[in-house]
Amino acid sequence: MTGSAWLDLFLAIVGGAIRVGTPFLFVSLGECLTEKSGRINLGLEGVLVFSAMAGFGAAYLSGSPWLGVLAAAGSGALLGLLHGLVCSLPRVSDIATGIALMLLGTGLAFYLGKPLIQPQAPQIPSIPLGAWSASQQVQSALSINALFPLGVLMALGLAWGLKHTRWGLVLRMVGDSSDAARALGTSVTAVRVAATAAGGCIAGLGGASLSLYYPGSWNEGLSSGQGLIAVALVIFARWSPIRCLGAALLFGGAGAIGPALQSVGVSGGYYLFNAMPYALTLAILVATCSPRQSLRGAPMELGVSR
Amino acid sequence: MSTATTAWREHAESVLLPVLALLGALLLFGAWVAFGGVSPVDTWVLLFRGAFGDSFSIQNSLQRAAPLMLTALAVALPARAGLIVIGGEGALVLGALGCAALPYGLPGLSGMWGCALVLAAGAACGAAWLGLAGALRQWRGVNETISSLLLGYIAIAVFKHLVEGPLRDPGSLNKPSTLALNESLRIASLPGLDVHWGLVWGVAASLAAAVWLSFTTSGFAVRVVGGNARAARLVGLPTNRLILLACALGGACAGLAGAIEVAAVHTAANASVIAGLGYTGILVAFVARHNPWMVPPVALLFGGFGAAGSLLQRRLGLPDASVLVLQGFAFMLILGSEALRGRLLPAARAPAARATPHVQEVTA
Amino acid sequence: MRLDLSNRRHWIKTLGAAGAGLSTLGWSAWAQAQKPLTVGVVYVGPKDDFGYNQAQAEAAAEIKKLPGLKVVEEENVPETTAVQKTLQGMISQDGAGLLFPTSFGYFDPHLLAVAAKNPGVRFAHCGGLWSEAKHPRNVGSFFGYIDECQYLNGVIAGHMTQSKKLGFVAAKPIPQVLRNINAFTLGARSVKPDITTLAVFTGDWSMPVKEAESTNSLADQGVDVFTMHVDGPKVVVETAAKRGKFVCGYHASQAKLAPQAYLTGAEWQWITAYKAMVEAARSGAPHPNFLRGGLKEGYVKTSAYGAMVSAAARKNADDVKAQMQKGTFDIFKGELKDNTGKTVIAKGKVLKQTDVELESMNYLVEGVVGKV
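Residues numbered from 1 in each chain as written. Chains lettered and ligands numbered in written order. Predicted model: local features only at pLDDT ≥ 70, side-chain atom pairs only at ≥ 80, totals over all residues. Heavy atoms only, no water.

### So, the pairing of strand 2 (residues 69-74) of chain C
All names here are of chain C.
No. 1: Where burial is concerned, most of strand 2 is hidden: 5 out of the 6 residues are buried.
No. 2: Two strands pair when backbone bridges link them, and strand 1 (residues 37-42) and strand 2 are joined in this way by 6 bridges, in the parallel orientation. When the sheet's bridge partners are listed, Gly40 is paired in strand 2 with Val72.
No. 3: Regarding the hand of the β-α-β motif, the stretch spanning strand 1, helix 3 (residues 52-64) and strand 2 is right-handed. (Buried < 20%, exposed > 50% of the residue type's maximum accessible area, 1.4 Å probe, protein only. Helix = DSSP H or I, 4+ residues; strand = E, 2+ residues; numbered from the N terminus. Pairing = 2+ DSSP bridges. Right-handed = clockwise from strand over helix to strand, strands pointing away.)

See below:
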């Protein structure tokens, strides 16, 4: 391939990474927040699908994509709240609740979303970062989702907030040692429920990104396990919001690489290509975990740090 | 005396709580459809008729329950050893592949022994896959929920790649499949019923698992590990091997489910095998509280939901997602009902007995 | 017991149908109005997906209007024992006498298993390859030669493309899909012989994110006219439109979604086949086992041209279409080379649309960039 063809491929992957990675970014940030408080939310798949549907429906009915975004974030928060509340009951496993939420969220979304498969809703605007270039390709690759910069800001904000603010400290304390938090008088349950609801809210933005920007349509096959993969992503990123950003882009790029390669003529084995992000995550987990020391950065109260 | 009443209360609660939760879910579902303008009473009647109303419905429910029993065991067995493994779908899919692929290497297979061999091949593939998740946890500290999830996706990708590539039957044009299994290797229907022998396998596996866990030494050891791994190690139990055993047995069940799907239903391995049976099995296992005795009835319940869902679509025009919604409500409520344990049937003790401290209450 | 009961009921129905058939020779209109028939339709996905299932649902909605006809439908039925139970349920619980299982994957072994148990019920499968030697008489299959419409798509695309690069987003490399890709390319190359088609396979029938990604990658490569063969074309149509490219539709008309980008489309007209099956069932005529047709027989149709389609393109396409409607146009004829240089149709040989050889196509013609 010529030099310009390589550049084209590179740009296509960058564009794809941002396009496909935006939902990953939001869901992993939401999950990161929840896990920092010591609770794991496997139900984000259901949250993602439901908020995508809610966002699409609200945008379609109201005519404004931003109302759709609001609706998506709101429904994400509601479902997160449900998860948090059910998990606060004694003897309830948060993994089981997560799976129940996944089911409920997906079921409700498909049920209510039936009339939304056909219509079109107003889309979230794009920011044409590539306007400086004459090449149509660069322009489209760098024409990004308006929510993406919001996600980047959120990642930075979360990272800073966790380290430098009081609520960040409280959150981390609840996640690392609930006894210490209780001793200081904080209500561990309240913090966890709030963190789960906030996490759901952020994940809802990921849903809005799916149905109101890319692919920009409501359909029952919209999410292919992205919510679940976000859980793996958070571990991959060692619970750091900034690394979540990088990991989301990586996974997005890996998702975009299959079709990109086919379009330049490299085909065959596309199923294996599509499985690359999962295999990569597993490989990294195997390489970096050890039975003796707990995962560095893992909140102590989280069940995954064994 | 009070131990006996406590035990009775516990057992009663174990049955009452999920039943009440289920009734609550049905009520909630009725309210949900009423919101959409459909009569809840009609819905409940159809749910019952569609699941258990006539001989066709019962057989429909049984048929759908058969693989669910096995995939539920794939979650329940490792759970008794303390692990939450949700990769049953991947094990099922590889089991299907193993079953369909064995005749490629041993073309002369036929008859009952051949059938047993292909089923065993499927079980072995599944066992290896979930065993891998268990091994990764014990020897590399990788969380088994995440690793089994990732392994599941990888298994599905490998399956699709092999079925549509190297193992593809050149005659299977518009629906890429492996070569169809020899007639004699297939699993037939139970005599007089429209349900295949997979049902018997499911029930037998559940009973075997229940007996193993309740009455054998190794089963007991696994339960100890599940209760408190640290204590088990202190007592000298080989925790690594026991956990691996539980995972492998669970995986074998899922793999067997996949093999049965090929041998009894599809006759070849193709993309139709990937039907979410593994994920529904997770549900069944949690609702049955990982107790193999309870797996067959809970699987039948969920099979009934699925069977009724068809009728809800055709008669009331409800979307097919209604079954998912009902399952979601049921699951949430059953999980939440756990909080009522110990509070639902408060001790009806004689006042005099209250004077003495009841140590049992603390451990209830 | 249950089997006996249902067999008896269906024996009675069949005898009744036969008797009615005999007595309505010459009284067919009256008889058709009197004899109630329950028809069951089974979809593998949602009915309103702007694609494959919707095309079937539109035909089902049309036959619902016929008097004395009751239609029961079930959607999202996977290709497992679930569909067997659905079909059997429609027979036992709803009394269906004619069933339309619409997904290709339902045929073997599911439909065949249920058909064997219910010899008095008619099954009309879409896309299956019925053969007298292997399959029972109460099963029939119907399909349309939509590649004729894809050829016309290609002709229009050939006129409208500036970059001479066309894009085809496909699900899996199976014969029905390959036939469409090839017909599209041949149509385009009949206008400009140096046009190339870039084909991308997503791996499954409904994967919105992958379809959007494929469309974007192809657009990055300079493709300016798209078409597709996936279950729900909505995503490809909208994504192509967002990139300012043209698109030709498939399965059903997606013109509403992107009127400024939609050139034309290849659509099914299943009502033709549905009507044939229903009329045979009601009049007691033997079940049609193998129905195939193209533009001429009315099994497929093309969408109206978009406003931006040039006059030259319209004329070209209309000319070819007229020939197809007369049955005088052949798409696949020698000498035809595939994209590896091998000759797949020898010089002088002509394959008619009905040629069974076409149903096992496993190559991509010269001009297509992609691998099977």
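### Observations concerning the nonpolar core
Generally speaking, nonpolar side chains in soluble globular proteins are found buried as a group.
No. 1: Ranked by size, the top nonpolar core spans 205 residues in total, and within it Ile99 and Trp218 of chain A together with Phe331 of chain B carry the most contacts.
No. 2: With 15 residues, the single largest contributor to this core is helix 10 (residues 239-266) of chain B.
No. 3: Of all hydrophobic cores here, the second largest spans 96 residues; its members include Ile63, Ile174, Val223 and Ala317 of chain C. (Core = buried A, V, L, I, M, F, W, Y, C linked by side-chain atoms within 4.5 Å.)

### Side note on the interface of chain C and chain B
No. 1: Listed as interface residues are 31 residues of chain C and, on the opposing side, 26 residues of chain B.
No. 2: Where chain C abuts chain B, roughly 2,700 Å² becomes buried across the two surfaces, and 48% of that area is made up of carbon and sulfur atoms.
No. 3: Counting across the interface, chain C meets chain B through 8 salt bridges.
No. 4: On the surface where chain C and chain B come into contact, there are 16 residue pairs in polar contact (both at pLDDT 80 or more).
No. 5: Those elements giving two or more residues to the side of chain C that touches chain B turn out to be strand 2, helix 4 (81-92), helix 5 (107-117) and helix 7 (175-189) of chain C.
No. 6: Among the elements that make up the side of chain C that touches chain B, the one with the highest residue count is helix 4 of chain C (8 residues).
No. 7: Class assignment of the residues belonging to the side of chain C that touches chain B gives a composition of 7 nonpolar, 12 polar and 12 charged. (Contact = heavy atoms within 4.5 Å. Buried area = accessible area lost by both parts, 1.4 Å probe. Salt bridge = Lys/Arg side-chain N within 4 Å of Asp/Glu carboxyl O. Polar contact = N/O pair within 3.5 Å; in protein donor to acceptor, adjacent residues only side chain to side chain. Nonpolar A, V, L, I, M, F, W, Y, C, P; charged D, E, K, R; others polar.)

### Examining the domain arrangement of chain C
Residues and elements named next belong to chain C.
No. 1: Each assigned domain of chain C is listed here: domain 1 (35-144) and domain 2 (147-267 + 308-369).
No. 2: Spacing between the C-alpha centres of domain 1 and domain 2 amounts to 29 Å.
No. 3: Contact with domain 1, which involves 9 residues of that partner, is made by 12 residues of domain 2.
No. 4: Summed over both sides, the interface between domain 1 and domain 2 buries roughly 910 Å², with carbon and sulfur atoms accounting for 64% of that surface.
No. 5: Summed over the three residues of domain 1 that lose the most area to domain 2, namely Phe50, Tyr52 and Leu129, the buried surface amounts to 56% of that side.
No. 6: Seen at the junction of domain 1 and domain 2, the total is 0 salt bridges. (Domains from an automatic or database assignment.)

### Here we look at helix 11 (residues 241-263) of chain A
Residue and element names in this part refer to chain A.
No. 1: Between its first and last C-alpha, helix 11 extends 33 Å over 23 residues, near the 33 Å set by a 1.5 Å rise per residue.
No. 2: The largest bend in helix 11 comes to about 35 degrees, at Ile257, with the proline Pro259 one to four residues further on.
No. 3: Counting buried residues in helix 11 gives 17 out of 23 residues, a clear majority hidden from the surface. (Expected span 1.5 Å × (residues − 1). Bend = angle between axes of the 7 residues up to and from the residue.)

### Focus on the confidence of the model for chain C
Atomic detail in the predicted coordinates should be set aside for any region of low pLDDT.
All names here are of chain C.
No. 1: When pLDDT is averaged along chain C, the result is 86; 91% of the residues meet or exceed 70.
No. 2: Ranking the elements of chain C by mean pLDDT puts helix 1 (residues 2-23) last, at 44, and strand 8 (residues 225-229) first, at 95.
No. 3: Between residues 1-33, whose pLDDT stays under 50, and residues either more than four places distant or in other chains, the model counts 26 contacts.
No. 4: This complex was scored by the predictor with a pTM of 0.86 and an ipTM of 0.83. (pLDDT = per-residue confidence, 0-100.)

### As for the pairing of strand 1 of chain C
No. 1: For strand 1 of chain C, the tally of buried residues reaches 6 of 6 residues, placing the bulk of the element in the interior.
No. 2: Of the two faces of strand 1 of chain C, the one carrying Leu37, Val39 and Val41 of chain C and the one carrying Thr38, Gly40 and Val42 of chain C are both buried.

### Looking at a nonpolar patch on the surface
Residues and elements named next belong to chain B.
No. 1: Nonpolar side chains collect at one region of the surface, where Val15, Leu16, Val19, Leu20 and Leu23 lie side by side and expose about 410 Å² of accessible area between them.
No. 2: Among the secondary structure elements, Val19 is positioned in helix 1 (residues 2-35).
No. 3: Under the relative-accessibility criterion, Val19 is labelled partly exposed at 42%. (Patch = residues over 30% accessible without salt bridge, like charges linked within 9 Å, V, L, I, M, F, W, Y side chains within 5 Å. Areas by Shrake-Rupley, 256 points an atom, 1.4 Å probe, with all protein chains shown as cover.)

### Some thoughts on the packing of helix 2 (residues 44-62) of chain A against helix 9 (residues 188-212) of chain A
All names here are of chain A.
No. 1: Running from amino to carboxyl end, helix 2 crosses helix 9 at an angle of 55 degrees, the nearest separation of the two axes being 7 Å. Taken together, helix 2 and helix 9 sit at an angle that is classed as oblique. Pair helix 2 / helix 9 crosses with right-handed handedness. Facing Leu44, Val47, Leu48, Ser51, Ala52, Gly55, Phe56 and Ala59 of helix 2, the residues of helix 9 in contact are Gly200, Ala203, Gly204, Gly206, Gly207, Ala208, Leu210, Ser211 and Leu212.
No. 2: When grouped by side-chain class, the residues that make up the contact of helix 2 with helix 9 number 10 nonpolar, 7 polar and no charged. (Axes fitted to C-alpha atoms, helices over the stretch in contact; angles between N-to-C directions. Parallel < 35°, antiparallel > 145°, perpendicular 65-115°, else oblique. Left-handed = near helix turned anticlockwise from the far one by under 90°.)

### Description of the packing of aromatic side chains
Residue and element names in this part refer to chain C.
No. 1: Scanning all chains against the criterion turns up 18 aromatic pairs over all chains.
No. 2: Taken together, the ring pairs connect Phe100, Phe142, Phe143, Tyr250, Trp268, Trp270 and Tyr274 into an aromatic cluster.
No. 3: The ring centre of Phe290 lies 4.2 Å from the NZ or CZ of Arg292, which sits over that ring.
No. 4: The ring of Phe329 has Lys333 sitting right over it, with the charged end atom 5.6 Å from the ring centre. (Phe/Tyr/Trp six-rings, centres within 6.5 Å; stacked < 30°, edge-to-face > 60°. Lys NZ or Arg CZ within 6 Å of the ring centre and 35° of its normal.)

### Considering the sheet that holds strand 2 of chain C
Sheet strands pair via backbone hydrogen bonds, and the direction of the pair is either parallel or antiparallel.
All names here are of chain C.
No. 1: Taking strand neighbours across the sheet as the criterion, the 6 strands line up as 2-1-3-4-5-11 in an open arrangement whose pairing is parallel. Each edge of the open sheet is held by one strand with a lone partner, namely strand 2 and strand 11 (290-293). When strand polarity is set aside, the average angle formed by the axes of neighbouring strands in this sheet is 15 degrees.
No. 2: Relative to strand 5 (residues 139-144), strand 4 (residues 122-126) is paired through 4 bridges, and the arrangement is parallel.

### Details of the side chain of Arg179 of chain C
All names here are of chain C.
No. 1: When you line up the elements, Arg179 lands in helix 7.
No. 2: Overall, the relative accessible area of 8% leaves Arg179 in the buried class.
No. 3: Aside from chain neighbours lying at most four places away, what touches Arg179 is Tyr145, Asp147, Phe332, Gln353, Leu358, Glu359 and Met361.

### A word on the interface of chain B and chain A
No. 1: Each partner contributes to the interface: chain B provides 47 residues, whereas chain A provides 47 residues.
No. 2: Summed over both sides, the interface of chain B with chain A buries roughly 4,100 Å², with 78% coming from carbon and sulfur.
No. 3: Scanning the region where chain B abuts chain A turns up 1 salt bridge.
No. 4: The closest approach of N and O atoms between Asp320 of chain B and Lys114 of chain A, which form a salt bridge, is 3.5 Å.
No. 5: Elements with a minimum of two residues in the side of chain B that touches chain A: helix 1, helix 5 (111-140), helix 6 (144-164), helix 11 (277-287) and helix 13 (322-337) of chain B.
No. 6: Per element, the largest residue contribution to the side of chain B that touches chain A is 14 residues, and it comes from helix 6 of chain B.
No. 7: Residue composition of the side of chain B that touches chain A, by class: 28 nonpolar, 10 polar and 9 charged.

### As for the pattern of salt bridges
No. 1: Within the structure shown, the criterion is met by 27 salt bridges over all chains.
No. 2: The salt bridge involving Asp204 of chain C is made with Lys160 of chain B; its shortest N-O contact spans 3.4 Å. In this pair, Asp204 of chain C is assigned in the loop between strand 7 (196-201) and helix 8 (208-220) and Lys160 of chain B in helix 6, connecting two distinct chains.
No. 3: The class for Lys160 of chain B is buried, based on a relative accessible area of 15%.
No. 4: A salt bridge links Glu62 of chain C to Lys65 of chain C; its shortest N-O distance comes to 3.2 Å.
No. 5: What makes Glu62 of chain C partly exposed here is its relative accessible area of 39%.
No. 6: Three or more residues are tied together by salt bridges with common partners; here these are Lys114 and Glu220 of chain A, Asp320 of chain B together with Glu75 of chain C.

### Some points on the environment of Arg19 of chain A
No. 1: Residue placement: Arg19 of chain A occurs in helix 1 (residues 3-36).
No. 2: Here Arg19 of chain A is in contact with Ala12, Ser140 and Tyr214 of chain A together with Glu213 and Asn216 of chain C, once residues within four sequence places are set aside.
No. 3: Within the structure, Arg19 of chain A has its side chain in polar contact with the side chain of Glu213 of chain C (distance 3.1 Å).

### Considerations on the state of the cysteines
No. 1: Across all of its chains, the model carries 0 disulfides over all chains by this definition.
No. 2: Of the cysteine sulfurs around Cys115 of chain B, a residue in no disulfide, the closest is that of Cys99 of chain B, at 7.7 Å. (Disulfide = S-S within 2.5 Å.)

### What to know about the sheet that holds strand 17 (residues 368-369) of chain C
Residue and element names in this part refer to chain C.
No. 1: Ordered by their spatial adjacency, 7 strands build an open sheet running 12-10-9-8-6-7-17, and the pairing between neighbours is mixed. Only two strands of the sheet have a single neighbouring strand rather than two, namely strand 12 (300-302) and strand 17.
No. 2: Where strand 9 (residues 246-251) and strand 10 (residues 262-268) come together, 4 bridges link them in parallel fashion. Bridging across to strand 10, Gly249 finds its partner in Gly265.
No. 3: Across the sheet, helix 6 (residues 147-160) is in contact with strand 6 (165-170), strand 8, strand 9, strand 10 and strand 12; its angle to strand 10 comes to roughly 175 degrees.
No. 4: Helix 7 rests against strand 6, strand 7, strand 8, strand 9 and strand 17 of the sheet, and its axis sits at about 165 degrees to strand 6.

### Here we look at unusual backbone geometry
No. 1: Between Tyr214 of chain A and the following residue, Pro215 of chain A, the backbone shows a cis peptide bond with an omega angle of 5 degrees.
No. 2: Assignment of secondary structure puts Pro215 of chain A in the loop between helix 9 and helix 10 (226-236).
No. 3: For Phe50 of chain C, which is not glycine, the phi dihedral falls at a positive 60 degrees.
No. 4: Position of Phe50 of chain C relative to the elements: it lies in the loop between strand 1 and helix 3.
No. 5: Given the relative accessible area of 3%, Phe50 of chain C is considered buried.

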